[in-house]
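Geometric and topological summary
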Amino acid sequence: MSSWIPCHPAKEQNTDGTKTNPNFFGDIFGFFENACASPSRQRLDSTSEPESQSKKRDVVIRSSHQQKPPYSLVDGLSDAELARNFNFFTRDAAMSPRAFNEFLDQLFHELNPNFVPSGEDKDVMISLFDPERSGLVSFSTFTHKMRELMPRVVGNRALIVVDLQNDFVHGSLAVKEGIQVVHAVNQLREKFEIVGMTRDWHPQDHISFADNHPGAQVFSSKRVNLPDGTTGDQVMWPRHCVQYTEGAEFHNELMISNEDFVISKGLDSRVDSYSGFFDNCRSFETRLRAELRARQVSEVFVVGLAYDYCVGFTALDAIDCGFVVYVVEDCTRAVAEESKKRMVESLKQKGVHVIKSNEIPDKIAMNPKFMIEAARDMLQGKKKRINSLVC
């Protein structure tokens, strides 16, 4: 049986002997930031990587052990870290109804001191966090629901532009209507202040190139040995996006700002990397998640080439990394219709929102009414956005 430990922050002692209450909402947001990128789980390594066109260098994250994403929210956090970040003393702590009501009062006050929640408002939140009406809010249920709820009410949004390089637009691995994607992305990016670009950046001896496998046919599949000791099926692609070649450059009509950040992938000759977050055997992580977290991003919109490969797998991994994810369909194209259908099915099953560029929702502001309405939507299983509430 879990012990009932009140969740509100312990009061801190001032130098004059009085007690103060820290910013509780800051504690919550910090907890989820730390839980998603705990230093005890990952080790940051700066590596010597090629300079991008904008003279920016990628930094990579290598996992320090064999566990693979998605990670548990508290995985890798010690009891001391939990206590520091969220004022819980044990992993199995639970909240009594009284403690949870105190938590709601504190949270709503931090969001807006003038907002007074009604009994119905609190009932919505209790129903979300204690769906069985057991009288206890467990730590595991609380973190799971908060992880789902918080991105709806806090955080920035970013556009992830996937692999709009010459070889994919008009070169050796050109996707049909690729130039239309470039133009559509140029229009869409005006709606975003944060834009990240991914690019394939392959060495000459990359495992995905058909001409590195004598007798292999382009677009066939071959069983290959992977660096993590497993084997996997590898598509034999035409040679493409080789480092420092014209084919690897971003298309010259693609709008790029000095504020954009660039993430290279596919640098390891032994394994392919469809996703902008991980390689295909998920033993290597790029800097993409860290760059987004550093900018306090909670929502990502994924566009580029190709829908059924790099765009789709980037979106799937973004879900695993804890983001709210959208794929903008009219800003991407697929290699093949059949693989596109399979990818769309996978995206929807995973919880990725598949939308058009004219369906991009308004950004949800951080206020109590948005939080309550988002909680109500979660209870009802709806995917609508809240656009008109004002505190």
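Structure's up top.
Residues numbered from 1 in each chain as written. Predicted model: local features only at pLDDT ≥ 70, side-chain atom pairs only at ≥ 80, totals over all residues. Heavy atoms only, no water.

Focus: the pairing of strand 7 (residues 156-162)
For strand 7, the tally of buried residues reaches six of seven residues, placing the bulk of the element in the interior. Bridge analysis of strand 7 against strand 13 (residues 297-305) gives seven bridges, and the strand direction is parallel. Looking across to strand 13, one finds that Val-161 is bridged to Val-303. Across five bridges, strand 7 lies against strand 8 (residues 194-200) in parallel orientation. Note on strand 8: the bridge partner recorded for Ala-158 is Ile-194. (Buried < 20%, exposed > 50% of the residue type's maximum accessible area, 1.4 Å probe, protein only. Helix = DSSP H or I, 4+ residues; strand = E, 2+ residues; numbered from the N terminus. Pairing = 2+ DSSP bridges.)

Side note on the environment of Phe-250
Relative to the elements of secondary structure, Phe-250 occurs in the loop between strand 10 (231-235) and strand 11 (261-265). Since its relative accessible area comes to 6%, Phe-250 is described here as buried. Measuring from C-alpha to C-alpha, the distance between Phe-250 and Gln-165 comes to 4.1 Å, with 85 residues separating the pair along the chain.

What to know about the pattern of salt bridges
Side chains carrying opposite charge are able to pair once their charged atoms draw close together. Inspection of every chain in the model, using the stated rule, returns 17 salt bridges. The salt bridge partner of Asp-105 is Lys-122, with a shortest N-O separation of 2.7 Å. In this pair, Asp-105 is assigned in helix 3 (residues 97-111) and Lys-122 in helix 4 (residues 119-129), connecting sequence segments 17 residues apart. You can call Asp-105 partly exposed: its relative accessible area is 38%. The class of Lys-122 is buried, set by a relative accessible area of 16%. One network of salt bridges, in which partners are shared, links Arg-282, Asp-317, Asp-320 and Lys-350. (Salt bridge = Lys/Arg side-chain N within 4 Å of Asp/Glu carboxyl O.)

Some words on the nonpolar core
The nonpolar side chains of a soluble globular protein tend to be buried, and buried together. Counting 63 residues, the largest nonpolar core has Phe-277, Leu-292, Val-300, Phe-323 and Val-325 as the members making the most contacts within it. A total of seven residues in this core trace back to one element, the largest contributor, which is helix 9 (residues 307-320). Residue contacts for Phe-323: discarding those within four places in its chain leaves Phe-277, Arg-289, Leu-292, Arg-293, Val-297, Ser-298, Val-300 and Ala-318. The next biggest cluster of nonpolar side chains, apart from the first, holds 23 residues, and it includes Met-95, Phe-103, Val-137 and Met-150. (Core = buried A, V, L, I, M, F, W, Y, C linked by side-chain atoms within 4.5 Å. Contact = heavy atoms within 4.5 Å.)

Side note on the packing of helix 4 against helix 5 (residues 139-149)
Following both chains from N to C, one finds helix 4 and helix 5 inclined at 120 degrees, their axes separated by 9 Å at the closest point. Together, Met-125, Leu-128 and Phe-129 of helix 4 and Thr-141, Phe-142, Lys-145, Met-146 and Leu-149 of helix 5 make up the contact between the two elements. Across the contact of helix 4 with helix 5, the residue classes break down as six nonpolar, one polar and one charged. (Axes fitted to C-alpha atoms, helices over the stretch in contact; angles between N-to-C directions. Nonpolar A, V, L, I, M, F, W, Y, C, P; charged D, E, K, R; others polar.)

A few points about the side chain of Asp-130
As for its position among the elements, Asp-130 is in the loop between helix 4 and strand 6 (137-138). Despite its burial, Asp-130 pairs with no opposite charge; the closest candidate is Arg-133, at 5.9 Å N-O. Reaching out from Asp-130, the side chain makes a polar contact with the backbone nitrogen of Ser-134 at a distance of 3.1 Å. Here Asp-130 is in contact with Gly-135, Leu-136 and Val-137, once residues within four sequence places are set aside. (Lys, Arg positive; Asp, Glu negative; His and termini not counted. Polar contact = N/O pair within 3.5 Å; in protein donor to acceptor, adjacent residues only side chain to side chain.)

Some details on the environment of Pro-227
Position of Pro-227 among the secondary structure elements: in the loop between strand 9 (221-225) and strand 10. The class of Pro-227 is partly exposed, set by a relative accessible area of 30%. Counting along the chain gives 43 residues from Pro-227 to Arg-270, while the straight-line C-alpha distance between them is 6.4 Å. The residues touching Pro-227, leaving out its near neighbours within four places in the chain, are Asp-268, Arg-270, Val-271 and Cys-281.

Examining the sheet that holds strand 8
The six strands are arranged 11-8-7-13-14-15 in an open sheet whose pairing can be described as parallel. What marks the edges here is a single partner per strand, and that holds for strand 11 and strand 15 (353-355). Averaged over all pairs of adjacent strands, the angle between their axes in this sheet comes to 25 degrees, without regard to strand direction. Most of the contacts of helix 9 go to strand 14 (residues 324-333), to which it runs at about 170 degrees, and overall it touches strand 7, strand 11, strand 13, strand 14 and strand 15.

Re the packing of helix 3 against helix 4
At their nearest, the axes of helix 3 and helix 4 sit 11 Å apart, and the two run at 120 degrees to each other. With respect to helix 4, the axis of helix 3 lies oblique. Like other packed secondary-structure pairs, helix 3 and helix 4 cross with a definite hand, here right-handed. In this structure, helix 3 contributes Phe-100, Asn-101, Leu-104, Asp-105 and Phe-108 to the contact, and helix 4 contributes Lys-122, Met-125, Ile-126 and Phe-129. Taken together, the residues of the contact of helix 3 with helix 4 break down into six nonpolar, one polar and two charged. (Parallel < 35°, antiparallel > 145°, perpendicular 65-115°, else oblique. Left-handed = near helix turned anticlockwise from the far one by under 90°.)

Regarding unusual backbone geometry
Cis peptide bonds are those with omega within 30 degrees of zero, and the linkage from Leu-305 to Ala-306 qualifies with -5 degrees. Among the structural elements, Ala-306 can be located in the loop between strand 13 and helix 9. A positive phi angle, near 65 degrees, is found at Glu-177, a position not held by glycine. With respect to the helices and strands, Glu-177 occurs in the loop between helix 6 (166-169) and helix 7 (178-188). The backbone of Cys-241 sits at a positive phi, close to 50 degrees, despite the residue not being glycine. Here Cys-241 is to be found in the loop between strand 10 and strand 11. Look at Cys-241 and you get buried, because its relative accessible area is 0%.

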